[in-house]
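# Per-entry structural report
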Amino acid sequence: MSQKYDVIVIGGGHNGLVTAAYLAKAGKRVLVLEKRYLVGGASVTEEVYPGFKFSVFSYVVSLLRPEIIRDLNLPKHGLTILPLESTLTPLPNGDYIYRDADHFRTLRDIARHSQRDAEAYEEYGRAMYFMAKAVKFILGMVPPDPTSFHPEDLLGLAKTARNFLGLEEDQLYTLVKLMTMSAADFVSEWFETDGLRATLAASGIIGTFLGIRSPGTAYVLLHHYMGEIDGAFRAWGFAKGGTGGIAEAIASAAREFGAEIRTEAPVAEVLVKDGQAVGVVLENGEEISGDVVVSSLDPKVTFLKLVDPRQLPPELVEDIRKFNIRGSSGKVNLALDGLPNLTCMPGYGRHLAGAISISPSVEYMERAYDDAKYGRFSRRPYVDVIIPSMIDPDMAPPGKHVMSCFVQYAPYELAEGTWDEQREAFGNAVVDALSQFMPDLKEKILYRQVLTPLDIERMVGITQGNIFHGELSLSQLFFLRPAPGYAKFRTPIRNYYQCGSGAHPGGGITGAPGRLAALEILKDQRK
Amino acid sequence: MNERYDAVIIGGGHNGLVAAALLAKAGKRVLVLEKRQTLGGSAATEEIFPGFKVNTGAEDAGLFRPELVEALALERHGLRFVEGPAVAFAPRLDGPGLTLWRDPTRTQAELAERISPKEAASYHRFTQLVARMTQVLDRAMLQTPPNPKEFDPRELLPWAMTGLKLRQLGKRDMMEFLRILPMSVREFLDEWFQDPFLKGLLATAGVAGTMQGPYAAGTAYLFLYHHLGGGQGVRAGRFVQGGVGQLSVALASAATLHGATIRLGAGVARIRTSYGQVTGVVLEDGEEIPARAVLSSADPRRTLFDLLGPQELEPRVMRRVRNIRFRGSTAKVNLALRGLPRFHGQESPEQLTGHIVISPSMEYLERAYDDAKYGRPSQEPALDVVIPTLLDPTLAPEGAHILSATVQYAPYALAEGSWDEGREELGDRVVALLARYAPELPDLVLHRQVLTPLDLEREYGLTEGSIYHGQMDLDQQLFMRPIPGYGQYAMPVGNLFLCGAGAHPGGGITGAPGFNAAREVLQALR
């Protein structure tokens, strides 16, 4: 038996590290156990091909809570976020929609397609800004239980009600629509240009197993608008050194506060004695004792694998079994000999330093989903492309580039065959989809890494490779995430907590579950 | 110049008549104006083929509020409900079909035998849950939605009662209720059942009349909505003796008894206003009828754009009206039959006394929706078939039957061609599909009527053929229905009210919008 810790955090992803850093900062003896050779979980940078650094999984950042950046003083630990300023949407007719930080230029470009849309764009931007601002407080609050009469819950409910009812009339209705509508219908209330509708609605499907016309996706759209960088709402950025840079900075902060981080230390189970967590057992049999155990892994793993489900109330086990965590996205990372040329906007300009969204029409997006519904990867997928080496030249050797392609849909469960058989066909479908708009891409590819949801599950450990640790649908949010009655980061096992994206407020590199869990743990400790 | 009425009601559909009867009963001078020569709107019974009295629109009156039957003594006015032992029957090509009986224990026995005892046990617990959930929804049916921007304590009281009802369910059920409401019917059923065939049959309640597939969030709510009125967690499935139009006849009789006037063949052309207040209506022939209040049972877009006129609305209200999603998704095929067909997997005629459902799996249903999503009628549609003559032989000549199929999906907006060209093709496809399940059927057909969404719009004034007067999606419910900010029946012009399915709680033969609107009108006229 080795030494004893106050807190053992299972999983060194960004949320686990945030929990560890906050607890270490509060003076606890903290140990983080990560199964891979590096920290970060799904926010890692790896040199998969010599000289080329890939943000292997998660690739952009915006949602990381500013209070975490401040509390942990992350810039001091090397966190630098470079802005991602534009989104280019190539259209099937050879045209494009280009939006960038130059607001007026964006409006002029949209006006080429529709004057009415250009006018609506300003209003839309304003509406979403207010929406995100109005809802953002939720990211920093422990979800109140609406069935409880506990003063804390009533206070939380009152706060929520006050925030929402305090909205302007139009804002309140927009909020209701965002909570319930489909992303495509929502943006269609504002815009008439098909390509613009598609590309705006695309944020509503990221990480979900839903189409842009499925009700519920407007919420995911809002979720993606809640980010801010240096106070600028809905700005997206790229961490210097790749997404691993974020995890590295948080890990560095945690270490400075005294936390210990062990890599290549996979946890097999949580030790429970008399209904109370007392430590963990590693896969190699090593036992480590701790007063508190926190899991940053997804709810299926946290409740059904790390502990014996028989120690949990049967209703909770049933709820976690029902918990919807269908994997739907894949990732293709490319090492390139040079920059690709876009037919719609030839040459090597600033547009290549932003996002390139393969979302040419609402029907294209919806048909991509139709494939997935019946267990096939999208023959013509939605792809969100960025070329990190255009933003941070250190990512690739001089003159060379890395390209990160987030792809939907790639259903974890295939109707036919296995992902091991279909991986390369999937990679080909993605490269083909891109080649439609960048004809010289294929000849520039030096190396291709294709990650299916199965690969994400195997490498990162997330069930089904679901990047949000569970669908962000209304029935799995707030006080229902991950299960009714267990949204406050606790579990039925005393001193066993959850701090991952499967907990409130959900996925993305927010750090919010990690931080809220740490605060709840500290609150319990003071009792 | 006509005399002035307290209330003029546009449309003699069941909701308009409910409002008329209640207002007349409260002593108001009431006039109902119906454009067609038949009462009932899209819940009418018409002799479209000699000797066959066909329900041209809605069939099932299972959602109709029992409170109204009592308050208006509708049974004294001739209203009789009829119901058979079966609620729904799914014929099957490769074996015995599946019947959902009105008596859930009988269904359980059948499921235990045909599928598995485990599935039967799940069904038992499932119907109990559905019964508890619908009890809560039931309370909300006859209430005016709160206005979230201006809370009036008087309005809140009934909702507090609903909240209390919710709390009485206990913590677990309350959470379940909140969790289930925004789900898709597919997720909901997947949590309970294994058998794809059973799930296909049950899932139709989640998508009936809506342009959504069973994989779409919000369809679990619609499933629950359609299980109101049944009790025991089973769909009500109730017909009206003499056809669903007799419900309107009974309502009209009650209204007239209380002094209301009903005029047929009196189409309203315009709602007149002066200084932001309604002053009356103008008929299509130019006749002017003054009124203190106008209630429209037409859908909100027809009411506010066609009858009132967009120029009367603020731009943002106008935009909200424009944004209402109608999206008609159903067609109807009415057949007069020489005799009763037999279905594959059917053992006795009593299985046909409810709805006969062709939806062999949720995937089948979703694929049917996929077609419609891109603007073409489902190549293999889901069908909801009824043979009302089984329980009420008076509807057709002796030995003959009426078979009505509600076809889903038939999108109003077609990607190619028009409904005028595609109408008979749709009829052929439906008959061919039915013939797979009931091979003798084509030979039994004497007459056929096909009503596409375009026909529903033309004949019954339903915008885009939407039978619910606007989709029943979650964002078009409560204070968002018909448009955000006008969920309390009063429309943006003084003393203009909406009393049809476009208002809370929505579509179906419930009578609830008419009931609620009448209450609001009485308040306003006081």
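Small disclaimer: the values here were computed from a predicted structure and weren't measured. (Residues numbered from 1 in each chain as written. Chains lettered and ligands numbered in written order. Predicted model: local features only at pLDDT ≥ 70, side-chain atom pairs only at ≥ 80, totals over all residues. Heavy atoms only, no water.)

### So, the overall build of chain B
Within chain B, the secondary structure is distributed over 17 helices and 18 strands. Taking 526 residues into account, the globule formula puts the C-alpha radius of gyration at 24 Å, and chain B, at 22 Å, falls close to it. A principal-axis box enclosing the C-alpha atoms of chain B has dimensions of 65 × 55 × 50 Å. Counting across all 526 residues of chain B, residues that qualify as buried make up 64%. When contacts within chain B are restricted to residue pairs at least 6 apart in sequence, those whose partners lie at least 24 apart make up 72%. When the accessible area of chain B is evaluated, it comes to approximately 18400 Å², of which 51% is carbon and sulfur surface. (Helix = DSSP H or I, 4+ residues; strand = E, 2+ residues; numbered from the N terminus. Rg over C-alpha atoms; globule rule 2.2 N^0.38 Å. Buried < 20%, exposed > 50% of the residue type's maximum accessible area, 1.4 Å probe, protein only. Contact = heavy atoms within 4.5 Å. Areas by Shrake-Rupley, 256 points an atom, 1.4 Å probe, with all protein chains shown as cover.)

### Focus on the sheet that holds strand β13 (residues 330-337) of chain B
Residue and element names in this part refer to chain B. Across the sheet, 7 strands lie side by side as β7-β6-β14-β15-β16-β13-β17; this open sheet has mixed pairing. At either end of the open sheet lies a strand with only one pairing partner, and these are β7 (98-101) and β17 (445-451). In this sheet, adjacent strand axes meet at a mean angle of 20° when their direction is disregarded. Of the strand pairs in this sheet, strand β6 (residues 86-90) and β7 are connected by 4 bridges, and their pairing is antiparallel. Counted as the bridge partner of Ala90 is Leu98 from β7. Those strands touched by helix α16 (residues 453-460) are β13 and β17, and its axis lies near 80° from that of β17. (Pairing = 2+ DSSP bridges. Axes fitted to C-alpha atoms, helices over the stretch in contact; angles between N-to-C directions.)

### What about helix α13 (residues 362-373) of chain A?
All names here are of chain A. For α13, built from 12 residues, the straight-helix expectation of 16 Å at 1.5 Å per residue is met to within 8% by its first-to-last C-alpha distance of 17 Å. Most of α13 is tucked away, with 10 of its 12 residues classed as buried. By the burial criterion, the buried members of α13 are Val362, Tyr364, Met365, Glu366, Ala368, Tyr369, Asp370, Asp371, Ala372 and Lys373. Phi turns positive, to about 85°, at Gly375, one or two residues after α13. (Expected span 1.5 Å × (residues − 1).)

### Some details on the domain arrangement of chain A
All names here are of chain A. For chain A, the assigned domains read domain 1 (4-42 + 61-81 + 240-324 + 466-526) and domain 2 (115-192 + 203-235). Centre-to-centre separation of domain 1 and domain 2, based on C-alpha positions: 26 Å. Here domain 1 meets domain 2 over a buried area of about 2300 Å², counting both sides, of which 65% is carbon and sulfur. We note a salt bridge from Asp153 to Lys488, for which the minimum N-O separation is 2.5 Å. Inspection of the region where domain 1 meets domain 2 yields 5 residue pairs in polar contact (both at pLDDT 80 or more). Take the side of domain 1 that touches domain 2: its biggest share by element is 5 residues, from helix α18 (residues 512-526). The residue makeup of the side of domain 1 that touches domain 2, split by class, is 17 nonpolar, 4 polar and 6 charged. (Domains from an automatic or database assignment. Buried area = accessible area lost by both parts, 1.4 Å probe. Salt bridge = Lys/Arg side-chain N within 4 Å of Asp/Glu carboxyl O. Polar contact = N/O pair within 3.5 Å; in protein donor to acceptor, adjacent residues only side chain to side chain. Nonpolar A, V, L, I, M, F, W, Y, C, P; charged D, E, K, R; others polar.)

### Some words on the packing of helix α4 (residues 117-141) of chain B against helix α5 (residues 153-168) of chain B
All names here are of chain B. Packing of α4 against α5 brings their axes to within 9 Å, and their N-to-C directions diverge by 175°. As the angle between them shows, α4 and α5 are arranged roughly antiparallel. Contacts between α4 and α5 involve Gln135, Val136, Arg139 and Ala140 on the former and, on the latter, Trp159, Met161, Thr162, Lys165 and Leu166. Its residues assigned to classes, the contact of α4 with α5 comprises 5 nonpolar, 2 polar and 2 charged. (Parallel < 35°, antiparallel > 145°, perpendicular 65-115°, else oblique.)

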